[in-house]
Amino acid sequence: MKFKINFSLKTIWIIWLALALITTSVFTLIDMAIYAPELPVKLVSGSQHTWRVWRPFATENTQFEMAYHRDAKGDLRLNVLGDKNNGIVGEPVVIRLTVNGQSCETLQDDVNSWNNWVFRPMKSIQAACKLPEQSGINEWTAQITQVSPSLADENTRLGMISPAGTIKNRADNIYGVMAEILFWGELIWLPFFLFMSLPLLIDGFNRLIRKYDLDTKLKRSYQKIAWNLRNKW
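Everything numeric here is computed off the predicted structure, so don't read it as measured data.

Visitor: Can you walk me through a nonpolar patch on the surface in this structure?
Guide: Side chains of W189, F192, F195, M196, L198, L201 and I202 sit close together on the surface and give an oily, nonpolar patch of about 690 Å² of accessible area. Locating L201 in the fold gives a position in helix α3 (residues 174–212).

Dropping the structure here:
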């Protein structure tokens, strides 16, 4: 027994567009769900910064870190920012973080990593204080309450740690699973989907050429240009 499947080009295009829409929508929602912004912050006592994030599920706590520029010579300034490995205590910066009406005073810890930026993790002054996010829109505020004179007026970046964790250390929760889906989807599914779409796009282009006789029209245009080049110009 033989089965014959005969899809029209229109049906194939509808299937392709539906898959593209579903894939794009899922990846976009995941990207929004695990999004963790970085805000430019100038260290001025009393200054305040606000932002919003959307979460589909509630979280237990939110972590932050502050990033500092390295100077022109690449100096990490560990004598000012602190060095956990060598027991050097950095200059203090205290920031009050508030989400959905709940606040925690956080103190910048000593440097724990660096690349082009030097990173200081932020820890709650009161160990039991946590900043969970609720499902839906979360309103965040960061107010600088204390800055060491040696760091005053410095331009930095305040970074949220995604509820999905980092690439090296994925969180053991639903957000970590979502991040893995996004990672492998962008790495494998999207290139595969685009590759499998090439025959459809080529076939559609060829059908378009045949329908409007574009091949013949292009040849005539080329012949006309060639004749003008030889006889007029």
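Visitor: How should the side chain of D110 be read in this particular structure?
Guide: Its place among the elements puts D110 in the loop between β5 (102–108) and β6 (113–114). No salt bridge forms around the buried D110; measuring N to O, its nearest opposite-charge neighbour R120 is 4.4 Å away. In this structure the side chain of D110 is engaged in a polar contact, spanning 2.8 Å, whose partner is the backbone nitrogen of G90. Residues in contact with D110, not counting those within four places in the same chain, are L81, G82, D83, K84, I88, V89, G90, R120 and P121.

Visitor: Looking at this structure, how should I read the nonpolar core?
Guide: General note: in soluble globular proteins, nonpolar side chains tend to be found buried as a group. Within the largest apolar cluster, 29 residues are counted, with the highest numbers of intra-cluster contacts made by L43, W51, L97, W140 and L158. When residues of this core are traced back to their parent elements, those giving at least two are β1 (38–42), β2 (48–55), β3 (64–69), α2 (78–81), β4 (93–99), β7 (117–124), β8 (136–147) and β9 (155–160). Discounting chain neighbours no more than four positions away, the residues touching L43 are M66, Y68, V93, I144, V147, L151, A152, D153, E154 and T156. Counting residues in each nonpolar core, the second largest holds nine residues, with I30, I34, A164 and A179 among its members.

Visitor: So what exactly am I meant to see when it comes to empty space enclosed by the protein here?
Guide: Unfilled space is identified by rolling a water-sized probe across the atoms. Taken as a whole and assessed by the stated rule, the structure comprises one cavity of 30 Å³ or more. Considered as a void within the structure, the largest cavity measures approximately 30 Å³ in volume. If you go around the largest cavity, the residues you meet are E38, E65, M66, A67, F119, R157, L158 and G159. Elements with a minimum of two residues in the lining of the largest cavity: β3 and β9. The residue makeup of the lining of the largest cavity, split by class, is four nonpolar, one polar and three charged.

Visitor: Would you explain the layout of surface pockets in this entry?
Guide: Its volume calculated, the largest pocket comes out at about 350 Å³. Lining the largest pocket are 13 residues, and of these E38, E65, M160, I161 and T166 sit closest to its centre. Where the lining of the largest pocket is concerned, the elements lending two or more residues are β6 and β9. Class assignment for the residues of the lining of the largest pocket results in five nonpolar, six polar and two charged. Size it by volume and the second largest pocket reaches roughly 260 Å³. Here the lining of the second largest pocket is built from residues that sort into six nonpolar, seven polar and two charged.

The rules we used
- Residues numbered from 1 in each chain as written.
- Predicted model: local features only at pLDDT ≥ 70, side-chain atom pairs only at ≥ 80, totals over all residues.
- Heavy atoms only, no water.
- Patch = residues over 30% accessible without salt bridge, like charges linked within 9 Å, V, L, I, M, F, W, Y side chains within 5 Å.
- Areas by Shrake-Rupley, 256 points an atom, 1.4 Å probe, with all protein chains shown as cover.
- Salt bridge = Lys/Arg side-chain N within 4 Å of Asp/Glu carboxyl O.
- Helix = DSSP H or I, 4+ residues; strand = E, 2+ residues; numbered from the N terminus.
- Buried < 20%, exposed > 50% of the residue type's maximum accessible area, 1.4 Å probe, protein only.
- Lys, Arg positive; Asp, Glu negative; His and termini not counted.
- Polar contact = N/O pair within 3.5 Å; in protein donor to acceptor, adjacent residues only side chain to side chain.
- Contact = heavy atoms within 4.5 Å.
- Core = buried A, V, L, I, M, F, W, Y, C linked by side-chain atoms within 4.5 Å.
- 1 Å grid on protein atoms, 1.4 Å probe; cavity = no way out; pocket = protein on both sides within 12 Å on 5 of 7 lines; lining within 4 Å.
- Points joined across faces, edges and corners; volume = space filled by probe spheres on them.
- Nonpolar A, V, L, I, M, F, W, Y, C, P; charged D, E, K, R; others polar.

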